[in-house]
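Here are the chains, one letter per residue:
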Amino acid sequence: MAETRRWELAAHRRLEKGKVVGVVVLDGWGEAAPDPFNCIHVADTPTLDALKKGGPERWRVIKAHGTAAGLPTDDDMGNSEVGHNALGAGQIYAQGAKLVDMALASGKIYEGEGFKYIQQSFENGTLHLIGLLSDGGVHSRIDQLQLLLKGASEHGAKRIRVHILTDGRDVLDGSSVKFVELIENDLAKLRDKGVDARIASGGGRMYVTMDRYENDWQVVKRGWDAQVLGEAPHKFQNALEAVKKLREDPKANDQYLPPFVIVDERGRPIGPIMDGDAVVTFNFRADRMVMLAKALEYESFDKFDRVRFPKIRYAGMLQYDGELKLPSHFLVAPPEIERTSGEYLARNGIRTYACSETVKFGHVTFFWNGNRSGYFHPNLEKYEEIPSDIGIPFNEQPKMKAVEIAKKTRDAILSCKFDQVRVNIANGDMVGHTGDIEATIVGCKAADEAVKIVLDAIEQVGGIFVVTADHGNAEDMVKRDKSGKPLRDKDGNVQPLTSHTLNPVPIAIGGPGLQPGVRFRSDLPSAGLANVAATVMNLHGFEAPDHYEPTLIEVVDK
Ligand SMILES: O=C(O)[C@@H](CO)OP(=O)(O)O
Ligand SMILES: [Mn+2]
Ligand SMILES: [Mn+2]
């Protein structure tokens, strides 16, 4: 019924228009019981602690994982893509992971335009599958790769090369070995059936291929050299040996494994990408595949020297950017996220400022706006990116750009040019992913300081704030047994948890502009991230559209 819906939002019955609303998203900041491995608890976070005292009327938790975020099951941890989609869209959409599951289960994936397109290369060319080898379910899932390998061979692929990216970020460090074993086993079965199927290259996701938001093209180049040109500093005869050997370096970890290629007995790479081949990037999530998709698809390209630009048939698991139509061929149609709060508010005259540092910039813009790049209304919106540090692990600079983001945001608030300011503060997540507990504590403190700067500015202009998060990470930094006890190895060391979590996230409202009778409703105990958009619309003085998840707030007489 989308056509009959109006864009004009009705005035809220009780809440005034005209207040500046500051929306702060703490990335990777879940709520969990006090514990030595809860870095948010251990860190000095006076600002967030004070907000928590406002519960239950002005502080509560909301769900940020699983089906509440459009993921296949409630065992799926939250992530930035689905989290910011839900926060911005106010509605829950079946997300990429689930859409791919459905297309594989029904077999529809093999009937679609994307598969038919790549299939044309099967007779004379090789099918290359490039992506994250993991069961984390954030960017890709190994069981989907397994099904695709089987399905592609049953649909005519005779020669298959898999280019793996090891994870250690959404899954435990070191799990790369078992995932390689699993895939090698499947490939051996395919070889028994006469399909020439091998792993051809690899590398750690954060060092090879999976950069995002054009932070560092060298990451993509390293992958290109291995996957397309068949060149890498490390050469091995099989992938299991490669991963095991490269992990022997005491500083090595799955996220940052150097690039390697698999070579034959004579030292020649077994799977460079050649003219006439087909390529599928099997990640469903967009942000860390867009750069590679550009390199594979764009005729003219100047981000690095590709040396050779093979004429291939390329399809993404999904289309990664609907605006750019990139890639132009894809196996599964992405969710069509429509009528986001950003678009509604722009069409109702709300002036918006959004800011983060590079590594999270697309989160508060592209993901927030339903995977859409650019402005809805250039005269009303300003999106500002603070360059992230490049080339150093975030545990070495755990404060990241938190204060810089907050100061830019403060300036935007004090300029009185905007009705909404929206920021993402990255520390809890980016430092949390390193598994470095000390550094994550420093990062959480920096994030808290940044929130204070934003809240102080909101205070000065008589505005309203909403402080929340997109999913958990820093609040639990250790792998636990079923009873919740930290797991230790034989030397007594705990295993750091680098991934996101299943925990809910906090949300707090406040500020001098918040009318005294506004409080969180008590009738929505299982509310989630998608309930935030209606809440924010209310705080701007509008009723939310009927098809949005309900608002978290009510107004009572005081
Ligand atoms: O770094 C990333 O790509 C993911 C984890 O895989 O984190 P986030 O969803 O917070 O961006
Ligand atoms: Mn995140
Ligand atoms: Mn993360």
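Per chain, residue numbering runs from 1 following the sequence as it is written. The order in which chains are written sets their letters, starting at A; the order in which ligands are written sets their numbers, starting at 1. At least 70 in pLDDT is required for a residue's local features to be given in this predicted model, at least 80 for side-chain atom pairs to be given and counted, and no such filter applies to totals for whole chains, interfaces and linings, which use all residues. Side-chain numbers here rest on the full set of heavy atoms in the structure, without hydrogens or water.

1. Details of the pattern of salt bridges
Every case where a carboxyl oxygen of Asp or Glu lies within 4 Å of a side-chain nitrogen of Lys or Arg is listed as a salt bridge. Within the structure shown, the criterion is met by 36 salt bridges. Between Lys360 and Asp429 there is a salt bridge, with its nearest N and O atoms 2.7 Å apart. Within this pair, whereas Lys360 is found in helix 12 (residues 358-367), its partner Asp429 is found in helix 14 (residues 427-432), the two being separated by 69 residues in sequence. For every residue, the accessible area (1.4 Å probe, protein chains only) is compared with the maximum for its type, and the residue is labelled buried under 20%, exposed over 50%, or partly exposed between those bounds. When its relative accessible area of 1% is taken as the criterion, Asp429 is described as buried. Between Asp476 and Arg480 there is a salt bridge whose closest N-O contact spans 2.9 Å. What makes Asp476 buried here is its relative accessible area of 13%. Salt bridges linked by common partners bring Asp27, Lys360 and Asp429 together as one network. We count a stretch as a helix when DSSP gives it H or I for four or more residues in a row; a strand needs E for two or more, and each element gets its number in order from the N terminus.

2. Brief notes about the sheet that holds strand 11 (residues 352-357)
The mixed open sheet is built from seven strands, whose spatial order is 2-15-14-1-13-11-12. Of all strands in the sheet, those bounded by a partner on one side alone are strand 2 (59-62) and strand 12 (381-386). Between one strand axis and the next, the sheet turns through 15° on average, direction left out of account. For two strands to be treated as a pair, DSSP must find at least two bridges joining them. Here six bridges tie strand 11 to strand 12, and the two strands are oriented parallel to one another. Fitted lines through C-alpha atoms give the axes, limited to the stretch in contact for helices. The angle between two N-to-C directions lies from 0 to 180 degrees.

3. Overview of unusual backbone geometry
Of note, the amide linkage connecting Gly55 to Pro56 takes the cis form, showing an omega dihedral of -5°. For Pro56, the location among the structural elements is in the loop between helix 2 (46-52) and strand 2. Pro327 follows Leu326 through a cis peptide bond whose omega is -15°. On the secondary structure map, Pro327 appears in the loop between strand 9 (313-318) and strand 10 (330-332). One non-glycine residue with positive phi stands out, namely Val307, at about 65°. Tracing the chain through its elements places Val307 in the loop between helix 10 (290-297) and strand 9. The residue Met400 is not glycine, and still its phi comes out positive at about 45°. Position of Met400 relative to the elements: it lies in the loop between strand 12 and helix 13 (402-414). Residue class for Met400 comes out buried when judged on its relative accessible area of 6%.

4. Points about the packing of helix 6 (residues 142-154) against helix 7 (residues 176-192)
Helix 7 packs onto helix 6 with a crossing angle of 10° between their chain directions and a minimal axis gap of 11 Å. Taken together, the axes of helix 6 and helix 7 lie roughly parallel to each other. Here helix 6 contributes Ile142, Leu145, Gln146, Leu149 and Ser153 to the contact with helix 7, which in turn contributes Phe179, Leu182, Ile183, Asp186, Leu187 and Leu190. The residue makeup of the contact of helix 6 with helix 7, split by class, is eight nonpolar, two polar and one charged. Note on angle classes: values under 35 degrees are labelled roughly parallel, values over 145 roughly antiparallel, values of 65 to 115 roughly perpendicular, and the remainder oblique. Pairs of residues are marked as contacts when any of their non-hydrogen atoms sit within 4.5 Å. Gly counts as polar in this scheme, as do all residues outside two lists: the nonpolar Ala, Val, Leu, Ile, Met, Phe, Trp, Tyr, Cys and Pro, and the charged Asp, Glu, Lys and Arg.

5. Examining the UniProt feature "domain: BPG-independent PGAM N-terminal" (unreviewed entry) in the protein
On the UniProt side, "domain: BPG-independent PGAM N-terminal" (unreviewed entry) is annotated at positions that read residues 100-321 here. End C-alpha atoms of residues 100-321 are separated by 17 Å, and the span's content is 33% helix alongside 18% strand. UniProt positions are given in the numbering used here, feature names are shortened, and annotations may be inferred rather than shown by experiment.

6. Here we look at the domain arrangement of the protein
Under the domain assignment, the protein is made up of domain 1 (29-92 + 337-555) and domain 2 (97-332). Of the residues lining the interface, 28 residues belong to domain 1; the matching set on domain 2 comes to 23 residues. Summed over both sides, the interface between domain 1 and domain 2 buries roughly 2,100 Å², with carbon and sulfur atoms accounting for 53% of that surface. Here the quantity called buried area is the total loss of accessible area, with a 1.4 Å probe, experienced by two parts when brought into contact, counted for both. Three residues stand out in domain 1 for area buried against domain 2, namely Pro72, Met77 and His433, and they jointly supply 20% of the buried area on that side. Where domain 1 touches domain 2, the interface holds zero salt bridges. Polar contacts here mean pairs of N or O atoms no more than 3.5 Å apart (in protein, one a potential hydrogen donor and the other a potential acceptor; neighbouring residues in sequence count only if both atoms are side-chain atoms). Inspection of the domain 1/domain 2 interface yields nine residue pairs in polar contact (both at pLDDT 80 or more). Domain delimitation in this document rests on an assignment produced automatically or drawn from a domain database.

7. What about the side chain of Thr340?
Considering the arrangement of structural elements, one finds Thr340 in the loop between strand 10 and helix 11 (341-347). Residues contacting Thr340, with those up to four places away along its chain left out, are Gly88, Ala89, Trp368, Asn369, Gly370, Phe376 and Tyr548.

8. Details of the environment of Ile553
In this structure, Ile553 sits in strand 17 (residues 553-555). Sequence spacing of Ile553 and Glu299 is 254 residues, and the spatial spacing of their C-alpha atoms is 51 Å. With residues up to four places along the chain from it excluded, the contact list for Ile553 reads Leu15, Ile509, Val518, Arg519, Phe520, Arg521, Thr535, Asn538 and Leu539.

9. Structural notes on the packing of helix 7 against helix 9 (residues 239-246)
It is at 9 Å that the axes of helix 7 and helix 9 come closest, and there the two elements cross at 175°. Classified by the angle between their axes, helix 7 and helix 9 sit roughly antiparallel to one another. Along its contact with helix 7, which presents Ser176, Val177, Val180, Glu181 and Glu184, the element helix 9 presents Ala239, Leu240, Val243 and Lys244. Taken together, the residues that form the contact of helix 7 with helix 9 break down as five nonpolar, one polar and three charged.

10. Brief notes about the pairing of strand 8 (residues 278-281)
Here strand 8 shows a buried face lined by Ala278 and Val280 and a second buried face lined by Val279 and Thr281. Looking at chain direction, strand 3 (residues 127-133) and strand 8 are connected through four bridges and run parallel. Looking across to strand 8, one finds that Ile130 is bridged to Thr281. After leaving strand 8, the chain enters helix 10 and then returns to the sheet as strand 9, a path that is right-handed. We call a crossover right-handed when, viewed with both strands directed away from the observer, the connection leading from the first strand over the helix to the second proceeds clockwise.

11. A closer look at the packing of aromatic side chains
Note on aromatic contacts: the rings of Phe and Tyr and the six-membered ring of Trp form a pair at centre separations within 6.5 Å, being stacked when their planes are under 30 degrees apart, edge-to-face when over 60 apart, and tilted otherwise. Scanning all chains against the criterion turns up 12 aromatic pairs. The interplanar angle of 65° and the centroid separation of 6.1 Å between the aromatic rings of Trp224 and Phe304 together place this pair among those described as edge-to-face. Remark: Phe304 occurs in the loop between helix 10 and strand 9 and Trp224 occurs in helix 8 (residues 217-229); sequence separation between them is 80 residues. The pair formed by Trp224 and Phe304 is uniform in burial state, with each residue classed as buried. Among the aromatic residues, those joined into a ring-pair cluster are Trp217, Trp224, Phe301 and Phe304. Throughout this description, the term charge over a ring refers to an Arg CZ or Lys NZ atom that lies within 6 Å of the ring centre and within 35 degrees of the ring normal. The ring of Trp7 carries Arg339 above its face, with NZ or CZ at 3.9 Å from the centroid. Directly above the ring of Trp7 sits Arg347, whose terminal nitrogen or CZ lies 4.0 Å from the centroid.

12. Some remarks on the coordination of the manganese ion (ligand 3)
Water is not among the atoms examined, so metal sites may look incomplete; donors are the N, O and S atoms within 2.8 Å of the metal, or within 3.2 Å for Na, K and Ca. Protein coordination at the manganese ion (ligand 3) comes from Asp429 (OD), Asp429 (OD), His433 (NE2) and His500 (NE2), with a distance range of 2.1 to 2.3 Å. Classification of the site at the manganese ion (ligand 3) rests on its six donor atoms, whose angles at the metal span 58 to 169°, yielding the label irregular. In the primary sequence, the donor residues of the manganese ion (ligand 3) line up as D-x3-H-x66-H. In this structure, the manganese ion (ligand 3) lies 4.3 Å away from the manganese ion (ligand 2). With His433 in the loop between helix 14 and helix 15 (437-460) and His500 in the loop between strand 14 (464-469) and strand 15 (505-510), the pair connects residues that are 67 residues apart, well separated along the chain. On the accessibility criterion, His500 (5% relative accessible area) is buried. Sites are called tetrahedral only when four donors show all angles between 85 and 135 degrees, square planar or octahedral only when four or six donors show opposite pairs over 155 degrees and all other angles between 65 and 115, and irregular in any remaining case.

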